[in-house]
Amino acid sequence: DAGVTQSPTHLIKTRGQHVTLRCSPISGHKSVSWYQQVLGQGPQFIFQYYEKEERGRGNFPDRFSARQFPNYSSELNVNALLLGDSALYLCASSNPGTSGNTIYFGEGSWLTVV
Amino acid sequence: AQRVTQPEKLLSVFKGAPVELKCNYSYSGSPELFWYVQYSRQRLQLLLRHISRESIKGFTADLNKGETSFHLKKPFAQEEDSAMYYCALRDTGGFKTIFGAGTRLFVKA
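Residues numbered from 1 in each chain as written. Chains lettered and ligands numbered in written order. Predicted model: local features only at pLDDT ≥ 70, side-chain atom pairs only at ≥ 80, totals over all residues. Heavy atoms only, no water.

A.B. asks: Teacher, can you tell me more about the nonpolar core here?
C.D. replies: As a rule of thumb, soluble globular proteins bury nonpolar side chains together. All names here are of chain B. One finds Trp35, Leu72 and Tyr85 to be the most contacted residues of the largest nonpolar core, which totals 26 residues. Contributions of two or more residues to this core are made by strand S2 (10-14), strand S3 (19-21), strand S5 (32-38), strand S6 (45-49), strand S9 (83-90) and strand S11 (103-108). Top contributing element to this core by residue count: S9, with four residues. Leave out the neighbours within four places in its chain, and leucine 72 touches Val19, Glu20, Leu21, Trp35, Leu47, Leu48, Phe59, Thr60, Ala61 and Tyr85. (Core = buried A, V, L, I, M, F, W, Y, C linked by side-chain atoms within 4.5 Å. Buried < 20%, exposed > 50% of the residue type's maximum accessible area, 1.4 Å probe, protein only. Helix = DSSP H or I, 4+ residues; strand = E, 2+ residues; numbered from the N terminus. Contact = heavy atoms within 4.5 Å.)

Okay, structure coming up:
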């Protein structure tokens, strides 16, 4: 039973570059959310997508964007990378409207911006 | 503004001692409150939610709306409880979850 999977697990980018992170939800889950976790802090909400539509957005600049595909997988894109974007990016999937609506997290993608 | 505050970054207790991890929240509506845990080298996972009023691994948490708190408690800490604990709040729409900064629990033998 596959959990939430994310790719890549680690990557290094240069300031100003663009990055795309990918997430596959648990089978049957229709919602994907993205979080940024900087060292020493809790996860910060970036986006939530449900049925391919953005349903929530955190306080992140427009350099951050995301989308959800018909198979419910998702991509997080970050443009014009800054050093401060270095963090663990977590993806979580859930099924809103179902009993409990538990969020299940992936292992994350470690992004280092140099 | 929606906010979750965990005042302790680190909590160290001896095995068998009671433990309480504090969580306070700020939210204008009726939120859902959760505790998540991250053991070493494992992914973040749900420990318990206030709706269920359940006890998981000996941990309980009571929602106190008057004090806007959701403290996590266990009467007798075990070494395997050592982990990072995050308190989280989900808004009534169910589409945004806000996490606290986390408390690292260290249970000493």
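A.B. asks: Just checking my understanding: could you explain the side chain of Gln68(A) for this structure?
C.D. replies: Residue and element names in this part refer to chain A. Among the secondary structure elements, glutamine 68 is positioned in strand S7 (residues 64-68). On the accessibility criterion, glutamine 68 (7% relative accessible area) is buried. There is a polar contact of 3.5 Å between the side chain of glutamine 68 and the backbone nitrogen of glutamate 51. Here the side chain of glutamine 68 touches lysine 52 through a polar contact of 2.8 Å, landing on its backbone nitrogen. (Polar contact = N/O pair within 3.5 Å; in protein donor to acceptor, adjacent residues only side chain to side chain.)

A.B. asks: Quick question: what am I supposed to make of the pairing of S11(B) here?
C.D. replies: Side-chain direction in a regular strand flips from residue to residue, so the side chains alternate between the two faces of the sheet. Residues and elements named next belong to chain B. Because side chains alternate across S11, one face comprises the buried residues Thr103, Leu105 and Val107, and the other comprises Arg104, Phe106 and Lys108, none of which is buried. Looking at chain direction, S2 and S11 are connected through five bridges and run parallel. Bridge assignment links valine 13 to a residue of S11, and that residue is valine 107. Of the pairings in the sheet, the one linking S9 to S11 comprises three bridges and is antiparallel in character. Bridge pairing in S11 links tyrosine 85 to threonine 103. (Pairing = 2+ DSSP bridges.)

A.B. asks: Just checking my understanding: could you explain the sheet that holds strand S1 (residues 5-7) of chain A for this structure?
C.D. replies: The strands making up a sheet associate through hydrogen bonds between their backbones, and the pairing can be parallel or antiparallel. Residues and elements named next belong to chain A. Read from one edge to the other, the open sheet built from four strands follows the order S1-S3-S8-S7, with strand pairing classed as antiparallel. Two strands in the sheet have a free side with no partner beyond their single neighbour: S1 and S7. Recorded for the sheet is a direction-independent mean angle of 15 degrees between the axes of neighbouring strands. Taken together, the three bridges between S1 and strand S3 (residues 19-24) define a ladder with antiparallel strand orientation. Looking at the pairing, glutamine 6 lines up with cysteine 23 of S3. (Axes fitted to C-alpha atoms, helices over the stretch in contact; angles between N-to-C directions.)

A.B. asks: What's the story with the sheet that holds strand S8 (residues 72-74) of chain B in this structure? I'm lost.
C.D. replies: All names here are of chain B. Pairing within the open sheet is antiparallel, and its three strands lie in the order S3-S8-S7. A strand with exactly one partner marks an edge of an open sheet, and here the two such strands are S3 and strand S7 (60-61). Bridge analysis of S3 against S8 gives three bridges, and the strand direction is antiparallel. Bridge pairing links leucine 21 to leucine 72 in S8.

A.B. asks: Which parts of the structure should I look at to understand the packing of aromatic side chains?
C.D. replies: Applying the stated rule across the entire model yields 11 aromatic pairs over all chains. Centre to centre, the rings of Tyr35(A) and Phe105(A) are 5.6 Å apart; their planes meet at 55 degrees, and the pair counts as tilted. Residue Tyr35(A) is located in strand S4 (residues 31-37), and its partner Phe105(A) is located in strand S10 (residues 104-105); the two are separated by 70 residues in the primary sequence. This pair shows no difference in class: Tyr35(A) is buried, exactly as Phe105(A) is. Between Phe59(B) and Tyr85(B), the aromatic rings sit 5.6 Å apart at their centres with planes inclined by 50 degrees, giving tilted as the arrangement. Placement of the pair is Phe59(B) in the loop between S6 and S7 and Tyr85(B) in strand S9, with a sequence separation of 26 residues. The exposure classification of Phe59(B) matches that of Tyr85(B), with both residues buried. Site record: aromatic cluster; members linked through ring pairs are Tyr35(A), Phe45(A), Phe105(A), Phe34(B), Tyr36(B), Tyr86(B) and Phe99(B). (Phe/Tyr/Trp six-rings, centres within 6.5 Å; stacked < 30°, edge-to-face > 60°.)

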